[in-house]
Amino acid sequence: MKREYDTIVLGLGGIGAGALYWLARRLGDDVLGLEQFDLGHQRGGSQDHSRIVRYSYHHPAYVRLAARAYRTWATLAEECGETLIHGCGGLDLFPEGGAIPAGDYLDSLDDCGIPYERLDAAEVRRRFPPFRLPDSGWGLFQSDGGLVAAAKANAAHLEGARRRGAAIRDEAPVTAARSIGDDEVEIEAGGETYRCRRLVVAAGAWSNTVLGHFGMRLPLTVTREQVVYFAAPDLEPFAPERFPIWIWMDVPCFYGFPVFGEPAVKVAEDVGGVETTAETRSFEPDREALARMRAWCETHLPDALGPEHLIRTCLYTLTPDRDFVLDRLPDHPAVLVAIGAAHAFKFASALGQVLAELAIDGETEADLSLFAIDRPILRLDDPPTNFYT
């Protein structure tokens, strides 16, 4: 393995694997991916069978980025010969008086010309019988919503990069990193020293550990979250051709999937976990969170309930405003940073393409105005947080 590359990617979860793939499409063997653990590990937030993919978002910048994401996922799927996006429709459920404003979602979809349907509670129940939605609630249905096969997509990105000559090294934690002028970075990882023209940091919950080498720290919150696969007595109503991905647009916020990857129904709470660190997190199930989830399902999705077939934990890495970071370090222009704020997997391939453009071309057509690393809230030591938008 050589020691000098045009670009090095730190962290090979969803975003990092996507960046390595899109960089390798243009740079071939002049790109290196470094992962501190084994490839496909469960310590971060990028594995499991499925992640939501959808257009429905609170700001047009995300809707437009979603359009790019659908295109990049299609490119990857065509190349690897696998189905990566499974369309089942997406349903945002708005209870009366809910904490998450529906108007932002409707306006963003309208602004970008994305079609959707507004379903009253009776129509939600008619189309998707497992839901028990009160008459005062309603649903925003978008037919392009669905799920992306997460672990399979990560592997496809890495294999596509490897086929083009990209070097990949796992079990190689970074122990030192420094800028050499504005156009070179030196990294010590896994006992070796590497140099590159551009460094892409996609380190998730370990972001501040890497940024510390460059004298920077962001006000990030790391939480331990969990998803639960319930062995419902009757899985047929939850088949992908009958049941959508869904989000309960209130606080607490729950979301879920049709049957996929396991013989069970997957349900989770968004930002329902305890604050932790990447080093001290537990892998044990959170029984209080599980009780909240069961209580919600008993009221709104009772047919999904059954014994716990599988519980998986993951880490959320949250910015205080829940917007991404996708930018250069202000004092280290050769270093690019990507933080997905715990809702980025649906965009992972598109973000990888954008990072490749920034690294190679120095610019991108993507609208990154929300994602600056030096935006005012990220300059505060103890900023207010709003994890629900």
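Data block above holds the structure.
Reference entry: report on the structure contained in this document. Please read these numbers as outputs of a predicted model, since none were measured by experiment.

Turning to the overall build of the protein, a few remarks are in order. What the protein contains, in helices and strands, is 8 helices and 20 strands. Dimensions along the principal axes, computed over C-alpha positions, put the protein at roughly 60 × 40 × 40 Å. At a minimum sequence separation of 6, the contacts of the protein that also span at least 24 residues come to 75%. A total of about 15200 Å² of accessible surface is found on the protein, and carbon and sulfur atoms cover 47% of it. With 38 positive and 58 negative side-chain charges, the protein shows a separation of 3 Å between the mean positions of the two kinds.

Okay, the sheet that holds strand 3 (residues 50-53) next. Taken in spatial order, the 3 strands of this open sheet run 3-8-4, and their pairing is antiparallel. Bordering the open sheet on either side are strand 3 and strand 4 (85-87), each of which pairs with just one other strand. Strand-to-strand twist across the sheet, computed as the mean angle between neighbouring axes with direction ignored, equals 30°. Where strand 3 lies against strand 8 (residues 146-149), 4 bridges are found, and the strand directions are antiparallel. Bridge pairing in strand 8 places Ser50 opposite Ala149. Docked against the sheet, helix 5 (residues 150-163) engages strand 3 and strand 8, running at close to 45° with respect to strand 8.

Time to look at the packing of aromatic side chains. Evaluated as defined, the whole model comprises 21 aromatic pairs. Ring geometry for Tyr62 versus Phe371: centroids 5.4 Å apart, planes at 55°, classification tilted. With Tyr62 in helix 2 (residues 60-80) and Phe371 in the segment after helix 8 (348-360), this residue pair connects regions lying 309 residues apart in the sequence. Residue class for Tyr62 comes out buried when judged on its relative accessible area of 0%. Residue classification places Phe371 among the buried positions, given a relative accessible area of 0%. With a centroid separation of 5.2 Å and an interplanar angle of 25°, the aromatic rings of Phe131 and Phe243 are classed as stacked. Placement of Phe131 in the loop between helix 4 (121-127) and strand 7 (138-142) and of Phe243 in the loop between strand 13 (221-230) and strand 14 (245-248) is noted, with a sequence separation of 112 residues between them. For Phe131, a relative accessible area of 2% gives the class buried. Here the aromatic residues Phe131, Phe238, Phe243, Trp246, Trp248, Phe254 and Trp296 are joined through ring pairs into a cluster of three or more. Taking NZ or CZ as reference, Arg43 lies 4.3 Å from the ring centre of Phe37, over its face.

By volume, the second largest pocket is sized at about 280 Å³. Around the second largest pocket, the lining comprises 18 residues; the ones closest to its centre are Arg217, Leu218, Pro219, Leu380 and Asp381. Looking at the lining of the second largest pocket residue by residue, the class counts come to 10 nonpolar, 3 polar and 5 charged.

Below, the discussion takes up the state of the cysteines. All chains considered together, the criterion is met by 0 disulfides. The thiol of Cys297 is not disulfide-bonded; the next cysteine sulfur, from Cys253, is found 13 Å away. Sulfur of Cys314: no disulfide; nearest cysteine sulfur belongs to Cys253 and is 14 Å away.

So, about the pattern of salt bridges. Counted by the stated rule, this structure contains 33 salt bridges. For the salt bridge of Lys266 with Asp48, the shortest nitrogen-to-oxygen distance reads 2.9 Å. Here Lys266 is found in strand 16 (residues 265-270), whereas its partner Asp48 is found in the loop between strand 2 (31-34) and strand 3, with 218 residues between them in sequence. The buried category is assigned to Lys266, whose relative accessible area is 3%. A residue is classified by how much of its surface remains accessible, and Asp48, at 7% relative accessible area, is buried.

About the cut-offs
- Residues numbered from 1 in each chain as written.
- Predicted model: local features only at pLDDT ≥ 70, side-chain atom pairs only at ≥ 80, totals over all residues.
- Heavy atoms only, no water.
- Helix = DSSP H or I, 4+ residues; strand = E, 2+ residues; numbered from the N terminus.
- Contact = heavy atoms within 4.5 Å.
- Areas by Shrake-Rupley, 256 points an atom, 1.4 Å probe, with all protein chains shown as cover.
- Lys, Arg positive; Asp, Glu negative; His and termini not counted.
- Charge placed at Lys NZ, Arg CZ, Asp CG, Glu CD.
- Pairing = 2+ DSSP bridges.
- Axes fitted to C-alpha atoms, helices over the stretch in contact; angles between N-to-C directions.
- Phe/Tyr/Trp six-rings, centres within 6.5 Å; stacked < 30°, edge-to-face > 60°.
- Buried < 20%, exposed > 50% of the residue type's maximum accessible area, 1.4 Å probe, protein only.
- Lys NZ or Arg CZ within 6 Å of the ring centre and 35° of its normal.
- 1 Å grid on protein atoms, 1.4 Å probe; cavity = no way out; pocket = protein on both sides within 12 Å on 5 of 7 lines; lining within 4 Å.
- Points joined across faces, edges and corners; volume = space filled by probe spheres on them.
- Nonpolar A, V, L, I, M, F, W, Y, C, P; charged D, E, K, R; others polar.
- Disulfide = S-S within 2.5 Å.
- Salt bridge = Lys/Arg side-chain N within 4 Å of Asp/Glu carboxyl O.

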